[in-house]
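Breakdown of the fold
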Amino acid sequence: MMEIGKETPKTPTCILFDEHGEFMKFGYEAQMAYVEMRGENARKHLYFECFKMSLYGTIKAANGKSMKALKVFTEALRYLKEDALETIAANTAGRKFSASDFTWVLTVPAIWHPSAKQFMREAATQAGIVTKGTENKLVIALEPEAASVWCKKLPAEGFITQNHGGDSLEHSPGTQYIVVDCGGGTIDITVHEVLDGGALKELHKASGNDLGGQTVDKKFKEFLREIFCHGVWDEYESNYPSEVQRMMYEFTVLKQEDEDVQIICPFNLGSLAQRRQEIEKFFETVQGASWNDGSIKISKQKMRSFFDESLNGISLREILNKDLSVEFILLVGGYAESKILRQHIISQFSDQCKVLCPFRPQEAIVKGAVMFGRNPEVVASRKSAFTYGTEINPWFEESRHKAEKKFRCTSGERCLDIFKQLVEIDEDVGWDESREYIFRPVEAYQRSMMFTFFQTERKNPFYVDDWGVEEIGLVTVEMPNTTRGMDRQVKLEIKFGFTEMTATATDMETRSTASVKLNFMTKS
(Lines give C-alpha, C1' and ligand atoms only; values in the text may rest on other atoms or scores of the structure.)
Protein backbone atom coordinates (compact mmCIF):
# COMPACT_ATOMS: atom_id res chain seq x y z
CA MET A 1 0.00 0.00 0.00
CA MET A 2 2.98 2.30 -0.61
CA GLU A 3 1.14 4.28 -3.34
CA ILE A 4 -0.86 6.14 -0.69
CA GLY A 5 1.93 6.37 1.85
CA LYS A 6 0.99 3.41 4.06
CA GLU A 7 3.69 0.75 4.33
CA THR A 8 1.53 -2.06 5.64
CA PRO A 9 1.31 -5.66 4.42
CA LYS A 10 -2.46 -5.74 4.44
CA THR A 11 -5.14 -3.28 3.47
CA PRO A 12 -7.62 -2.42 6.26
CA THR A 13 -11.15 -3.84 6.20
CA CYS A 14 -12.78 -0.60 5.02
CA ILE A 15 -15.32 -0.05 2.26
CA LEU A 16 -17.08 3.07 0.99
CA PHE A 17 -20.46 3.31 -0.76
CA ASP A 18 -22.18 6.40 -2.12
CA GLU A 19 -25.50 7.67 -0.79
CA HIS A 20 -27.36 5.32 -3.19
CA GLY A 21 -25.54 2.24 -1.89
CA GLU A 22 -23.24 1.91 -4.93
CA PHE A 23 -19.70 0.64 -4.28
CA MET A 24 -16.98 3.32 -4.50
CA LYS A 25 -13.70 2.28 -2.88
CA PHE A 26 -12.09 -0.38 -0.68
CA GLY A 27 -9.18 -0.47 1.79
CA TYR A 28 -6.88 2.51 2.26
CA GLU A 29 -8.45 4.23 -0.75
CA ALA A 30 -11.83 4.07 1.01
CA GLN A 31 -10.29 5.21 4.29
CA MET A 32 -8.44 8.16 2.75
CA ALA A 33 -11.41 9.25 0.63
CA TYR A 34 -13.67 9.22 3.68
CA VAL A 35 -11.18 10.97 5.95
CA GLU A 36 -10.86 13.79 3.39
CA MET A 37 -14.64 14.29 3.19
CA ARG A 38 -16.11 17.19 5.10
CA GLY A 39 -19.34 17.65 7.04
CA GLU A 40 -22.50 16.92 5.08
CA ASN A 41 -20.65 15.04 2.33
CA ALA A 42 -19.23 12.56 4.86
CA ARG A 43 -22.63 12.14 6.49
CA LYS A 44 -24.22 11.16 3.15
CA HIS A 45 -21.75 8.36 2.36
CA LEU A 46 -21.82 4.87 3.85
CA TYR A 47 -18.41 4.00 5.26
CA PHE A 48 -17.85 0.63 6.95
CA GLU A 49 -14.71 -0.44 8.74
CA CYS A 50 -13.65 -3.46 10.84
CA PHE A 51 -16.79 -5.23 9.64
CA LYS A 52 -15.29 -8.73 9.48
CA MET A 53 -17.08 -9.77 12.67
CA SER A 54 -20.49 -8.42 11.56
CA LEU A 55 -21.65 -11.36 9.49
CA TYR A 56 -25.39 -11.41 9.90
CA GLY A 57 -28.32 -9.12 9.26
CA THR A 58 -27.30 -5.51 8.71
CA ILE A 59 -24.14 -3.53 9.47
CA LYS A 60 -24.22 0.06 10.68
CA ALA A 61 -22.07 2.56 8.75
CA ALA A 62 -20.11 5.42 10.34
CA ASN A 63 -22.98 7.81 9.52
CA GLY A 64 -25.48 5.59 11.36
CA LYS A 65 -27.18 4.19 8.24
CA SER A 66 -27.28 0.43 7.64
CA MET A 67 -26.71 -2.03 4.80
CA LYS A 68 -27.18 -5.78 4.51
CA ALA A 69 -24.07 -7.62 5.66
CA LEU A 70 -24.11 -9.93 2.63
CA LYS A 71 -23.91 -6.95 0.25
CA VAL A 72 -21.00 -5.38 2.18
CA PHE A 73 -19.01 -8.63 2.15
CA THR A 74 -19.91 -9.43 -1.46
CA GLU A 75 -18.74 -6.03 -2.74
CA ALA A 76 -15.50 -6.29 -0.75
CA LEU A 77 -14.76 -9.73 -2.22
CA ARG A 78 -15.78 -8.56 -5.71
CA TYR A 79 -13.29 -5.69 -5.49
CA LEU A 80 -10.50 -8.04 -4.34
CA LYS A 81 -11.28 -10.45 -7.18
CA GLU A 82 -11.26 -7.70 -9.84
CA ASP A 83 -8.11 -6.11 -8.42
CA ALA A 84 -6.32 -9.50 -8.43
CA LEU A 85 -7.32 -10.23 -12.04
CA GLU A 86 -6.23 -6.74 -13.16
CA THR A 87 -2.87 -7.09 -11.39
CA ILE A 88 -2.27 -10.51 -12.96
CA ALA A 89 -3.19 -9.21 -16.44
CA ALA A 90 -0.83 -6.24 -16.04
CA ASN A 91 2.04 -8.60 -15.27
CA THR A 92 1.35 -11.21 -17.96
CA ALA A 93 1.58 -9.06 -21.10
CA GLY A 94 -2.14 -8.36 -20.95
CA ARG A 95 -3.18 -11.99 -21.19
CA LYS A 96 -6.83 -12.34 -20.21
CA PHE A 97 -7.75 -14.52 -17.26
CA SER A 98 -11.09 -15.21 -15.63
CA ALA A 99 -11.83 -16.10 -12.00
CA SER A 100 -12.36 -19.76 -12.93
CA ASP A 101 -8.72 -20.05 -14.07
CA PHE A 102 -7.55 -19.92 -10.46
CA THR A 103 -7.97 -21.60 -7.10
CA TRP A 104 -9.02 -18.95 -4.59
CA VAL A 105 -8.18 -19.27 -0.90
CA LEU A 106 -10.41 -17.45 1.57
CA THR A 107 -9.08 -17.40 5.14
CA VAL A 108 -11.40 -17.39 8.16
CA PRO A 109 -10.83 -17.50 11.94
CA ALA A 110 -10.72 -21.06 13.26
CA ILE A 111 -13.31 -20.27 15.95
CA TRP A 112 -15.96 -19.11 13.49
CA HIS A 113 -19.21 -21.05 13.53
CA PRO A 114 -19.95 -23.24 10.48
CA SER A 115 -22.76 -20.88 9.46
CA ALA A 116 -20.20 -18.04 9.23
CA LYS A 117 -18.14 -20.03 6.75
CA GLN A 118 -21.25 -20.78 4.72
CA PHE A 119 -21.98 -17.03 4.71
CA MET A 120 -18.49 -16.33 3.33
CA ARG A 121 -18.89 -18.99 0.64
CA GLU A 122 -22.20 -17.40 -0.39
CA ALA A 123 -20.61 -13.93 -0.52
CA ALA A 124 -17.75 -15.30 -2.64
CA THR A 125 -20.26 -16.90 -5.01
CA GLN A 126 -22.26 -13.68 -5.36
CA ALA A 127 -19.00 -11.82 -5.99
CA GLY A 128 -18.28 -14.10 -8.96
CA ILE A 129 -15.20 -15.75 -7.44
CA VAL A 130 -16.82 -19.13 -8.02
CA THR A 131 -19.93 -20.18 -9.93
CA LYS A 132 -22.16 -23.22 -9.97
CA GLY A 133 -19.98 -26.15 -10.95
CA THR A 134 -16.69 -24.49 -9.94
CA GLU A 135 -17.27 -24.45 -6.16
CA ASN A 136 -14.16 -26.57 -5.62
CA LYS A 137 -12.10 -23.59 -6.87
CA LEU A 138 -12.75 -21.91 -3.52
CA VAL A 139 -10.74 -23.24 -0.58
CA ILE A 140 -11.68 -22.13 2.95
CA ALA A 141 -8.47 -22.04 5.03
CA LEU A 142 -8.29 -21.59 8.80
CA GLU A 143 -6.11 -18.59 9.62
CA PRO A 144 -3.93 -20.06 12.39
CA GLU A 145 -3.26 -23.12 10.24
CA ALA A 146 -2.20 -20.95 7.30
CA ALA A 147 0.13 -18.96 9.56
CA SER A 148 1.56 -22.15 11.00
CA VAL A 149 2.37 -23.50 7.53
CA TRP A 150 4.30 -20.31 6.68
CA CYS A 151 6.18 -19.96 9.95
CA LYS A 152 7.34 -23.57 9.82
CA LYS A 153 9.44 -22.56 6.80
CA LEU A 154 11.05 -19.48 8.37
CA PRO A 155 14.72 -19.42 9.46
CA ALA A 156 15.72 -18.00 12.87
CA GLU A 157 16.29 -14.51 11.39
CA GLY A 158 12.65 -14.47 10.28
CA PHE A 159 11.50 -13.99 13.90
CA ILE A 160 11.57 -10.94 16.20
CA THR A 161 14.31 -11.55 18.78
CA GLN A 162 12.45 -10.00 21.73
CA ASN A 163 13.23 -12.29 24.71
CA HIS A 164 14.39 -15.31 22.78
CA GLY A 165 17.84 -16.41 21.69
CA GLY A 166 17.51 -16.48 17.92
CA ASP A 167 15.31 -19.59 17.80
CA SER A 168 13.35 -20.76 14.80
CA LEU A 169 10.22 -22.89 14.88
CA GLU A 170 11.45 -26.47 15.16
CA HIS A 171 9.93 -28.65 12.44
CA SER A 172 11.28 -32.10 13.23
CA PRO A 173 8.64 -34.84 13.69
CA GLY A 174 7.01 -34.77 17.12
CA THR A 175 7.44 -31.01 17.70
CA GLN A 176 4.32 -29.52 19.28
CA TYR A 177 3.42 -25.84 19.34
CA ILE A 178 0.54 -23.45 20.01
CA VAL A 179 -0.47 -20.93 17.35
CA VAL A 180 -2.05 -17.75 18.72
CA ASP A 181 -3.49 -15.78 15.81
CA CYS A 182 -3.99 -12.26 17.14
CA GLY A 183 -6.26 -10.46 14.69
CA GLY A 184 -8.29 -7.30 14.88
CA GLY A 185 -11.53 -9.11 15.61
CA THR A 186 -10.55 -12.46 17.10
CA ILE A 187 -7.89 -14.27 19.09
CA ASP A 188 -7.64 -17.76 17.54
CA ILE A 189 -5.75 -20.56 19.29
CA THR A 190 -4.80 -23.93 17.78
CA VAL A 191 -2.26 -26.63 18.71
CA HIS A 192 -0.20 -28.51 16.12
CA GLU A 193 2.24 -31.39 15.99
CA VAL A 194 4.69 -31.91 13.15
CA LEU A 195 4.40 -35.37 11.57
CA ASP A 196 6.87 -37.37 9.51
CA GLY A 197 7.17 -35.64 6.16
CA GLY A 198 6.43 -32.22 7.69
CA ALA A 199 2.60 -32.29 7.62
CA LEU A 200 0.65 -30.96 10.62
CA LYS A 201 -1.77 -32.69 12.96
CA GLU A 202 -4.20 -30.72 15.12
CA LEU A 203 -3.91 -31.79 18.77
CA HIS A 204 -6.60 -29.63 20.37
CA LYS A 205 -9.85 -28.15 19.10
CA ALA A 206 -9.64 -24.53 18.00
CA SER A 207 -10.46 -22.10 20.79
CA GLY A 208 -10.34 -18.36 21.37
CA ASN A 209 -12.59 -15.32 21.59
CA ASP A 210 -13.62 -12.09 19.86
CA LEU A 211 -11.35 -9.86 21.97
CA GLY A 212 -8.80 -8.98 19.27
CA GLY A 213 -6.97 -5.71 18.66
CA GLN A 214 -10.18 -3.78 18.00
CA THR A 215 -11.02 -4.26 21.69
CA VAL A 216 -7.99 -2.06 22.47
CA ASP A 217 -9.15 0.56 19.96
CA LYS A 218 -12.60 0.55 21.55
CA LYS A 219 -11.09 1.17 25.02
CA PHE A 220 -9.12 4.11 23.61
CA LYS A 221 -12.26 5.64 22.12
CA GLU A 222 -14.12 5.14 25.43
CA PHE A 223 -11.27 7.01 27.16
CA LEU A 224 -11.61 9.93 24.73
CA ARG A 225 -15.33 10.05 25.56
CA GLU A 226 -14.40 10.11 29.27
CA ILE A 227 -11.97 13.00 28.71
CA PHE A 228 -14.24 15.05 26.46
CA CYS A 229 -17.31 14.67 28.66
CA HIS A 230 -20.58 16.66 28.77
CA GLY A 231 -21.45 15.31 25.29
CA VAL A 232 -18.47 16.95 23.58
CA TRP A 233 -17.01 13.71 22.18
CA ASP A 234 -20.44 12.43 21.08
CA GLU A 235 -21.10 15.68 19.20
CA TYR A 236 -17.64 15.52 17.59
CA GLU A 237 -18.09 11.87 16.54
CA SER A 238 -21.49 12.64 15.05
CA ASN A 239 -20.44 15.76 13.13
CA TYR A 240 -16.90 14.82 12.08
CA PRO A 241 -16.86 11.02 11.59
CA SER A 242 -14.03 11.14 9.05
CA GLU A 243 -11.77 12.98 11.54
CA VAL A 244 -12.49 10.29 14.13
CA GLN A 245 -11.27 7.72 11.58
CA ARG A 246 -8.02 9.64 11.21
CA MET A 247 -7.48 9.64 14.98
CA MET A 248 -8.20 5.91 15.17
CA TYR A 249 -5.70 5.19 12.41
CA GLU A 250 -3.02 7.14 14.31
CA PHE A 251 -3.82 5.11 17.41
CA THR A 252 -3.45 1.75 15.62
CA VAL A 253 0.14 2.74 14.81
CA LEU A 254 0.92 4.13 18.26
CA LYS A 255 -0.44 1.08 20.13
CA GLN A 256 2.34 -1.06 18.66
CA GLU A 257 4.80 0.57 21.07
CA ASP A 258 5.04 0.37 24.86
CA GLU A 259 5.58 4.01 25.82
CA ASP A 260 3.85 7.34 26.44
CA VAL A 261 2.04 8.52 23.31
CA GLN A 262 0.88 11.86 21.96
CA ILE A 263 -2.00 12.37 19.54
CA ILE A 264 -2.59 15.77 17.96
CA CYS A 265 -6.01 17.07 18.95
CA PRO A 266 -7.96 17.87 15.76
CA PHE A 267 -8.99 21.52 15.38
CA ASN A 268 -12.73 20.76 15.37
CA LEU A 269 -12.53 18.66 18.54
CA GLY A 270 -10.59 21.41 20.26
CA SER A 271 -13.12 24.03 19.13
CA LEU A 272 -16.10 22.03 20.42
CA ALA A 273 -14.35 21.45 23.74
CA GLN A 274 -13.41 25.11 24.24
CA ARG A 275 -17.00 26.19 23.72
CA ARG A 276 -17.78 24.22 26.88
CA GLN A 277 -14.78 25.14 29.07
CA GLU A 278 -11.02 25.69 29.00
CA ILE A 279 -9.56 22.62 27.33
CA GLU A 280 -7.11 21.91 30.18
CA LYS A 281 -10.08 21.48 32.55
CA PHE A 282 -11.21 18.36 30.69
CA PHE A 283 -8.00 16.64 31.82
CA GLU A 284 -8.33 17.52 35.51
CA THR A 285 -10.82 14.72 36.24
CA VAL A 286 -9.11 11.83 34.39
CA GLN A 287 -6.11 9.69 35.27
CA GLY A 288 -3.41 8.91 32.72
CA ALA A 289 -3.89 11.76 30.25
CA SER A 290 -2.76 15.37 30.04
CA TRP A 291 -2.96 18.33 27.66
CA ASN A 292 0.36 19.13 26.02
CA ASP A 293 0.29 22.22 23.79
CA GLY A 294 -2.30 21.03 21.26
CA SER A 295 -1.79 17.30 21.80
CA ILE A 296 -3.42 14.64 23.97
CA LYS A 297 -0.69 12.88 25.93
CA ILE A 298 -1.51 9.39 27.26
CA SER A 299 0.79 7.69 29.76
CA LYS A 300 2.38 4.31 29.12
CA GLN A 301 0.48 2.87 32.08
CA LYS A 302 -2.86 4.08 30.73
CA MET A 303 -2.03 2.68 27.30
CA ARG A 304 -1.36 -0.71 28.89
CA SER A 305 -4.75 -0.62 30.62
CA PHE A 306 -6.49 -0.50 27.22
CA PHE A 307 -5.07 -4.00 26.61
CA ASP A 308 -6.22 -5.60 29.88
CA GLU A 309 -9.55 -7.10 28.78
CA SER A 310 -8.07 -8.50 25.58
CA LEU A 311 -4.93 -9.96 27.19
CA ASN A 312 -6.85 -11.52 30.07
CA GLY A 313 -8.94 -13.35 27.48
CA ILE A 314 -5.93 -15.19 26.01
CA SER A 315 -6.26 -18.48 27.84
CA LEU A 316 -3.36 -20.86 27.18
CA ARG A 317 -2.95 -22.36 30.66
CA GLU A 318 -5.60 -25.03 30.10
CA ILE A 319 -3.78 -26.24 26.97
CA LEU A 320 -0.36 -26.16 28.63
CA ASN A 321 -1.72 -28.17 31.57
CA LYS A 322 -2.87 -30.97 29.26
CA ASP A 323 -0.80 -34.08 28.67
CA LEU A 324 1.03 -32.49 25.74
CA SER A 325 4.67 -31.57 25.10
CA VAL A 326 4.29 -28.04 23.78
CA GLU A 327 7.67 -26.42 23.07
CA PHE A 328 6.72 -23.18 21.31
CA ILE A 329 4.05 -20.49 21.34
CA LEU A 330 3.79 -18.83 17.92
CA LEU A 331 2.26 -15.33 17.78
CA VAL A 332 0.90 -14.18 14.41
CA GLY A 333 -1.62 -11.66 13.05
CA GLY A 334 -1.57 -7.86 12.95
CA TYR A 335 -2.29 -7.45 16.68
CA ALA A 336 0.95 -9.38 17.39
CA GLU A 337 2.80 -6.25 16.16
CA SER A 338 2.07 -4.84 19.62
CA LYS A 339 5.00 -4.98 22.06
CA ILE A 340 2.54 -4.93 24.98
CA LEU A 341 0.84 -8.11 23.75
CA ARG A 342 4.12 -9.91 23.02
CA GLN A 343 5.57 -8.96 26.40
CA HIS A 344 2.43 -10.21 28.16
CA ILE A 345 2.68 -13.65 26.55
CA ILE A 346 6.41 -13.83 27.25
CA SER A 347 5.99 -12.88 30.92
CA GLN A 348 3.13 -15.36 31.40
CA PHE A 349 4.41 -18.41 29.55
CA SER A 350 8.12 -18.18 28.69
CA ASP A 351 8.93 -20.37 31.71
CA GLN A 352 7.20 -23.25 29.89
CA CYS A 353 7.68 -22.49 26.19
CA LYS A 354 9.74 -20.44 23.77
CA VAL A 355 7.64 -17.56 22.45
CA LEU A 356 8.16 -16.70 18.77
CA CYS A 357 6.71 -13.97 16.57
CA PRO A 358 7.68 -13.55 12.90
CA PHE A 359 8.60 -10.18 11.46
CA ARG A 360 5.50 -8.68 9.80
CA PRO A 361 3.23 -11.19 11.56
CA GLN A 362 0.21 -10.00 9.52
CA GLU A 363 1.77 -11.47 6.39
CA ALA A 364 2.13 -14.97 7.84
CA ILE A 365 -1.54 -15.82 7.25
CA VAL A 366 -1.81 -14.67 3.64
CA LYS A 367 1.52 -16.24 2.64
CA GLY A 368 0.64 -19.48 4.39
CA ALA A 369 -2.77 -19.44 2.69
CA VAL A 370 -1.06 -19.52 -0.71
CA MET A 371 1.01 -22.52 0.37
CA PHE A 372 -2.11 -24.17 1.77
CA GLY A 373 -4.02 -23.65 -1.48
CA ARG A 374 -1.20 -25.20 -3.50
CA ASN A 375 -0.74 -28.13 -1.12
CA PRO A 376 -3.67 -28.71 1.27
CA GLU A 377 -2.09 -31.95 2.54
CA VAL A 378 0.18 -29.80 4.75
CA VAL A 379 -2.54 -30.20 7.40
CA ALA A 380 -2.85 -33.97 7.64
CA SER A 381 -5.59 -34.19 10.27
CA ARG A 382 -7.75 -32.11 12.57
CA LYS A 383 -9.82 -32.66 15.67
CA SER A 384 -13.51 -32.72 14.97
CA ALA A 385 -15.10 -29.91 16.95
CA PHE A 386 -18.47 -31.68 17.01
CA THR A 387 -20.13 -35.08 16.78
CA TYR A 388 -21.84 -35.35 13.39
CA GLY A 389 -24.66 -37.69 12.51
CA THR A 390 -27.74 -38.32 10.41
CA GLU A 391 -31.29 -39.46 11.19
CA ILE A 392 -32.26 -43.12 10.67
CA ASN A 393 -35.50 -45.07 11.15
CA PRO A 394 -34.68 -48.56 12.55
CA TRP A 395 -37.24 -51.15 13.66
CA PHE A 396 -39.11 -49.98 16.73
CA GLU A 397 -38.09 -51.72 20.00
CA GLU A 398 -40.39 -51.13 22.94
CA SER A 399 -37.62 -51.68 25.49
CA ARG A 400 -35.30 -49.08 23.88
CA HIS A 401 -37.45 -46.47 22.17
CA LYS A 402 -39.93 -43.85 23.33
CA ALA A 403 -43.53 -44.77 22.50
CA GLU A 404 -44.18 -41.40 20.81
CA LYS A 405 -41.37 -42.12 18.33
CA LYS A 406 -43.17 -45.15 16.89
CA PHE A 407 -44.64 -44.95 13.40
CA ARG A 408 -46.14 -47.59 11.15
CA CYS A 409 -45.27 -48.11 7.48
CA THR A 410 -45.81 -50.94 4.99
CA SER A 411 -42.67 -52.72 6.23
CA GLY A 412 -43.75 -52.66 9.90
CA GLU A 413 -43.22 -50.52 13.00
CA ARG A 414 -40.27 -48.12 12.82
CA CYS A 415 -38.73 -45.53 15.13
CA LEU A 416 -38.40 -41.85 14.26
CA ASP A 417 -35.45 -39.53 14.92
CA ILE A 418 -32.67 -42.00 15.83
CA PHE A 419 -29.22 -40.34 15.71
CA LYS A 420 -26.64 -42.34 13.73
CA GLN A 421 -23.13 -41.13 14.48
CA LEU A 422 -20.85 -40.40 11.51
CA VAL A 423 -17.99 -38.57 13.29
CA GLU A 424 -17.35 -38.25 17.04
CA ILE A 425 -16.29 -35.08 18.79
CA ASP A 426 -12.47 -34.86 19.28
CA GLU A 427 -11.94 -37.64 16.74
CA ASP A 428 -8.91 -37.22 14.44
CA VAL A 429 -10.17 -36.66 10.91
CA GLY A 430 -7.68 -36.95 8.07
CA TRP A 431 -7.54 -34.58 5.12
CA ASP A 432 -9.05 -36.22 2.02
CA GLU A 433 -10.37 -39.10 4.16
CA SER A 434 -13.55 -40.84 2.99
CA ARG A 435 -16.05 -42.94 4.93
CA GLU A 436 -18.89 -44.98 3.47
CA TYR A 437 -22.20 -46.09 4.98
CA ILE A 438 -24.98 -48.24 3.47
CA PHE A 439 -28.67 -47.50 4.02
CA ARG A 440 -31.83 -49.30 2.84
CA PRO A 441 -35.32 -47.94 2.17
CA VAL A 442 -38.05 -48.33 4.80
CA GLU A 443 -40.77 -48.71 2.14
CA ALA A 444 -40.77 -51.09 -0.85
CA TYR A 445 -42.04 -48.35 -3.17
CA GLN A 446 -39.87 -45.57 -1.73
CA ARG A 447 -38.71 -43.34 -4.62
CA SER A 448 -36.29 -41.06 -2.76
CA MET A 449 -34.21 -41.01 0.42
CA MET A 450 -33.53 -37.87 2.42
CA PHE A 451 -30.51 -37.53 4.71
CA THR A 452 -30.70 -34.81 7.36
CA PHE A 453 -27.38 -33.99 9.05
CA PHE A 454 -26.86 -32.85 12.62
CA GLN A 455 -24.05 -31.64 14.88
CA THR A 456 -23.68 -31.65 18.66
CA GLU A 457 -21.04 -31.27 21.34
CA ARG A 458 -22.34 -34.46 22.96
CA LYS A 459 -20.53 -37.73 22.21
CA ASN A 460 -23.44 -39.83 21.02
CA PRO A 461 -27.01 -38.59 21.56
CA PHE A 462 -29.82 -41.10 21.08
CA TYR A 463 -32.35 -38.93 19.24
CA VAL A 464 -31.79 -36.10 16.77
CA ASP A 465 -34.16 -33.86 18.78
CA ASP A 466 -32.27 -34.37 22.07
CA TRP A 467 -30.92 -31.23 23.75
CA GLY A 468 -27.77 -29.77 22.17
CA VAL A 469 -28.37 -31.33 18.71
CA GLU A 470 -28.54 -28.87 15.80
CA GLU A 471 -29.56 -29.49 12.19
CA ILE A 472 -26.88 -28.37 9.69
CA GLY A 473 -28.08 -29.53 6.29
CA LEU A 474 -29.84 -32.13 4.20
CA VAL A 475 -29.64 -33.89 0.86
CA THR A 476 -32.20 -35.99 -1.06
CA VAL A 477 -31.29 -38.67 -3.59
CA GLU A 478 -33.80 -40.01 -6.13
CA MET A 479 -34.51 -43.81 -6.21
CA PRO A 480 -36.74 -44.13 -9.29
CA ASN A 481 -36.33 -47.90 -9.85
CA THR A 482 -38.43 -49.69 -7.21
CA THR A 483 -38.31 -53.14 -8.84
CA ARG A 484 -36.25 -54.68 -6.02
CA GLY A 485 -38.47 -53.20 -3.34
CA MET A 486 -36.66 -52.99 -0.01
CA ASP A 487 -33.70 -54.98 -1.34
CA ARG A 488 -32.03 -51.77 -2.54
CA GLN A 489 -29.05 -49.84 -1.20
CA VAL A 490 -28.09 -46.20 -0.97
CA LYS A 491 -24.43 -45.49 -0.32
CA LEU A 492 -23.63 -42.40 1.76
CA GLU A 493 -20.04 -41.25 1.30
CA ILE A 494 -18.62 -38.66 3.67
CA LYS A 495 -15.49 -37.05 2.20
CA PHE A 496 -13.42 -34.78 4.42
CA GLY A 497 -11.75 -31.81 2.76
CA PHE A 498 -9.88 -28.72 3.85
CA THR A 499 -12.35 -27.31 6.36
CA GLU A 500 -15.57 -28.79 5.06
CA MET A 501 -17.00 -32.20 4.38
CA THR A 502 -19.07 -33.33 1.41
CA ALA A 503 -21.87 -35.85 1.83
CA THR A 504 -22.77 -37.72 -1.37
CA ALA A 505 -25.72 -40.12 -1.51
CA THR A 506 -25.80 -42.64 -4.39
CA ASP A 507 -28.70 -44.92 -5.33
CA MET A 508 -26.85 -48.15 -6.19
CA GLU A 509 -29.62 -49.28 -8.58
CA THR A 510 -29.66 -46.27 -10.90
CA ARG A 511 -26.43 -44.49 -9.87
CA SER A 512 -28.49 -41.38 -9.19
CA THR A 513 -26.46 -39.09 -6.89
CA ALA A 514 -26.93 -35.95 -4.79
CA SER A 515 -24.38 -34.02 -2.72
CA VAL A 516 -24.25 -31.36 -0.05
CA LYS A 517 -21.24 -29.51 1.38
CA LEU A 518 -21.18 -29.24 5.18
CA ASN A 519 -18.85 -27.07 7.22
CA PHE A 520 -17.56 -29.16 10.07
CA MET A 521 -14.26 -28.25 11.63
CA THR A 522 -14.86 -25.17 13.72
CA LYS A 523 -16.52 -24.46 17.00
CA SER A 524 -18.02 -21.08 17.80
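The structure under discussion appears in the preceding block.
Summary of the structure given here. Note that the structure is a prediction, hence the values are computed from the model and not measured.

Concerning the packing of aromatic side chains
Describing an aromatic ring pair means giving the distance of the ring centres and the angle of the ring planes. Scanning all chains against the criterion turns up 23 aromatic pairs. Centre to centre, the rings of Phe-307 and Tyr-335 are 6.2 Å apart; their planes meet at 20°, and the pair counts as stacked. Taken as a pair, Phe-307 in the loop between α10 (300-306) and α11 (308-312) and Tyr-335 in the loop between β14 (326-332) and α13 (339-349) lie far apart in primary sequence, 28 residues in all. Residue Phe-307 shares its accessibility class with Tyr-335, and that shared class is buried. Three or more aromatic residues link up through ring pairs in this structure, and these residues are Phe-17, Phe-23, Phe-26, Phe-48 and Tyr-79. Lying over the aromatic face of Tyr-463, Lys-405 brings its terminal NZ or CZ to 5.2 Å of the ring centre. In this structure, Arg-414 packs its charged tip against the face of Trp-395, placed 3.7 Å from the ring centre.

A short note on the sheet that holds β14
Reading across the sheet, the seven strands line up as β15-β14-β8-β9-β10-β16-β21 and stay open at both edges, with mixed pairing between neighbours. Two strands close off the open sheet at either side, each with one partner strand: β15 (354-356) and β21 (428-430). Pairwise comparison of adjacent strand axes, ignoring direction, gives a mean angle of 25° for this sheet. Looking at chain direction, strand β9 (residues 187-194) and strand β10 (residues 200-209) are connected through seven bridges and run antiparallel. Directly across from Ile-187, in β10, lies its bridge partner Asn-209.

Definitions and limits used
Residues numbered from 1 in each chain as written. Predicted model: local features only at pLDDT ≥ 70, side-chain atom pairs only at ≥ 80, totals over all residues. Heavy atoms only, no water. Phe/Tyr/Trp six-rings, centres within 6.5 Å; stacked < 30°, edge-to-face > 60°. Helix = DSSP H or I, 4+ residues; strand = E, 2+ residues; numbered from the N terminus. Buried < 20%, exposed > 50% of the residue type's maximum accessible area, 1.4 Å probe, protein only. Lys NZ or Arg CZ within 6 Å of the ring centre and 35° of its normal. Pairing = 2+ DSSP bridges. Axes fitted to C-alpha atoms, helices over the stretch in contact; angles between N-to-C directions.

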